[in-house]
Amino acid sequence: MMTITQQMVFDTLNMFAFLAVELTLLFLLISYLVGVLQVYIPPSKIQSILSSKKGKGYVIAGFLGAITPFCSCSTIPFLKGLLRAKAGFGTMMVFLFASPLLNPIIIGLFAVTFGLKVTLFYFAIAMGVSIIAGVALEKLGFEKYIRAEAYITPESSGCSSGCSGAKPVNKWRKIWNSTWSDFKKVLPYLAGGIALGSMIYGFMPTEFVASIANENNPFAVPVAAVIGIPLYIRAEAVIPLSAALAAKGMGLGAVMALIIGSAGASLTEVVLLKSIFKNKMIIAFLTVILSMAVAAGYLYSYLF
């Protein structure tokens, strides 16, 4: 029999190993697929699809995020691809907010666990706030807080056909070289985020979360929203865990805030975003997610 501390250490190491493998594979796979898409879909086409004329581009970006099964971390390589394709800043931000929150897996589990009415409420809040935030950040000029290097496509380490006496490198190899170069740049951020998130996952019991975010606590919603960000929860686990917390006494408004906080801005994602955004943009991103989580939590408590 393991002691409680041994169990926590085991859970932490197990989560670290699982996330390290999962997020590494996801990052490499999505980065490569984005590279392939860029070969066949020119930047001008992506720009036209995600244009912000008459607000159409923002809505398209939101629904594009809704149909892509990305978690908060795996959205990052796709975002880099959009940056290099020079898509509109506001529409990119809409995609960044909407993609993990409206993950089809989360929506499906939401409907099964909490019912259609609650699911539609969640979808409307996540989509609406994502679009409003994207428009607002663009109007406020936050594009200037994107790091210049985020727009640069990494140079492949292989020699191109222009090198004398060298074999030409095919396009698939070039895409892989660019993908691997990207991965090496974010690896320190990825490892650090996974380590911190895993420790919080292993050493923060659900009973503690429920005890400070129960229905009798008027500050339960903002507390749950803040707790959600460092508590990395995979899409497949966020709804079952939330149902378990609700069963232990956590208010459903606080559950809603926790889901948005954890799915929309995991600690690992925030650390990864530092390779793309400057600090002011990171603060703006967290402010949007926290505001969305708190507003949804209180509104849900009031309406339901």
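Residues numbered from 1 in each chain as written. Predicted model: local features only at pLDDT ≥ 70, side-chain atom pairs only at ≥ 80, totals over all residues. Heavy atoms only, no water.

- With an unreviewed UniProt entry as reference, the chain is termed Permease, source organism Thalassomonas actiniarum.
- The UniProt entry for the chain carries this comment under Subcellular location (unreviewed entry): "Cell membrane".
- Under Sequence similarities (unreviewed entry), UniProt gives the following word-for-word description of the chain: "Belongs to the UPF0718 family." (UniProt positions renumbered as here; feature names shortened; annotations may be inferred.)

### A short note on the nonpolar core
Here is step 1 of the chain: Of all hydrophobic cores here, the largest spans 80 residues; its most connected members are Tyr 122, Met 250, Met 256, Phe 277 and Met 281.
Here is step 2 of the chain: The dominant element in this core, judged by the number of residues it contributes, is helix H14 (residues 279-303), at ten residues. (Core = buried A, V, L, I, M, F, W, Y, C linked by side-chain atoms within 4.5 Å. Buried < 20%, exposed > 50% of the residue type's maximum accessible area, 1.4 Å probe, protein only. Helix = DSSP H or I, 4+ residues; strand = E, 2+ residues; numbered from the N terminus.)

### Notes on the environment of Val 9
Here is step 1 of the chain: Among the structural elements, Val 9 can be located in helix H1 (residues 4-40).
Here is step 2 of the chain: For Val 9, a relative accessible area of 36% puts it in the partly exposed group.
Here is step 3 of the chain: As a C-alpha pair, Val 9 and Met 199 span 190 residues in sequence and 8.2 Å in three-dimensional space.

### Considerations on helix H12 (residues 252-264)
Here is step 1 of the chain: The terminal C-alpha atoms of H12 lie 18 Å apart, and with 13 residues this matches the ideal 18 Å at 1.5 Å per residue to within 8%.
Here is step 2 of the chain: Where burial is concerned, most of H12 is hidden: twelve out of the 13 residues are buried.
Here is step 3 of the chain: Every buried residue belonging to H12 is among Gly 253, Ala 254, Val 255, Met 256, Ala 257, Leu 258, Ile 259, Ile 260, Gly 261, Ser 262, Ala 263 and Gly 264, and all of these are buried. (Expected span 1.5 Å × (residues − 1).)

### With respect to the packing of helix H3 (residues 56-67) against helix H7 (residues 116-139)
What describes two packed helices is the angle between their axes and the distance between those same axes.
Here is step 1 of the chain: For the pair H3 and H7, interaxial distance at closest approach is 10 Å and the crossing angle is 135°. Taken as axis vectors, H3 and H7 run oblique relative to one another. In the packing of H3 onto H7, the handedness of the crossing is right-handed. Only Phe 123, Met 127, Ile 131, Gly 134, Val 135 and Glu 138 of H7 make contact with H3, whose side of the interface consists of Tyr 58, Val 59, Gly 62, Phe 63 and Ala 66. (Axes fitted to C-alpha atoms, helices over the stretch in contact; angles between N-to-C directions. Parallel < 35°, antiparallel > 145°, perpendicular 65-115°, else oblique. Left-handed = near helix turned anticlockwise from the far one by under 90°. Contact = heavy atoms within 4.5 Å.)

### Here we look at the environment of Val 39
Here is step 1 of the chain: Its place among the elements puts Val 39 in helix H1.
Here is step 2 of the chain: Accessibility expressed as a relative area gives 40% for Val 39, which makes it partly exposed.
Here is step 3 of the chain: C-alpha of Val 39 to C-alpha of Trp 172: the two residues are 133 residues apart in sequence and 9.6 Å apart in space.
Here is step 4 of the chain: Excluding residues that lie within four positions of it along the chain, Val 39 makes contacts with Lys 171 and Ile 175.

### Quick notes on a nonpolar patch on the surface
Here is step 1 of the chain: Taken together, the side chains of Val 9, Leu 13, Met 199 and Phe 203 present a nonpolar region at the surface, about 380 Å² in accessible area.
Here is step 2 of the chain: Mapped by element, the contributors of at least two residues to the nonpolar patch are H1 and helix H8 (171-203).
Here is step 3 of the chain: Summarising the element assignment, Phe 203 is placed in helix H8.
Here is step 4 of the chain: Look at Phe 203 and you get partly exposed, because its relative accessible area is 39%. (Patch = residues over 30% accessible without salt bridge, like charges linked within 9 Å, V, L, I, M, F, W, Y side chains within 5 Å. Areas by Shrake-Rupley, 256 points an atom, 1.4 Å probe, with all protein chains shown as cover. Salt bridge = Lys/Arg side-chain N within 4 Å of Asp/Glu carboxyl O.)

### A word on the UniProt feature "transmembrane region" (unreviewed entry) in the chain
Here is step 1 of the chain: When the UniProt feature table is mapped onto this chain, "transmembrane region" (unreviewed entry) is found at residues 12-37, 57-79, 91-114, 120-137, 186-204, 216-233, 245-267 and 282-303.
Here is step 2 of the chain: Annotated as 100% helix and 0% strand, the span residues 120-137 places its first and last C-alpha atoms 26 Å apart.

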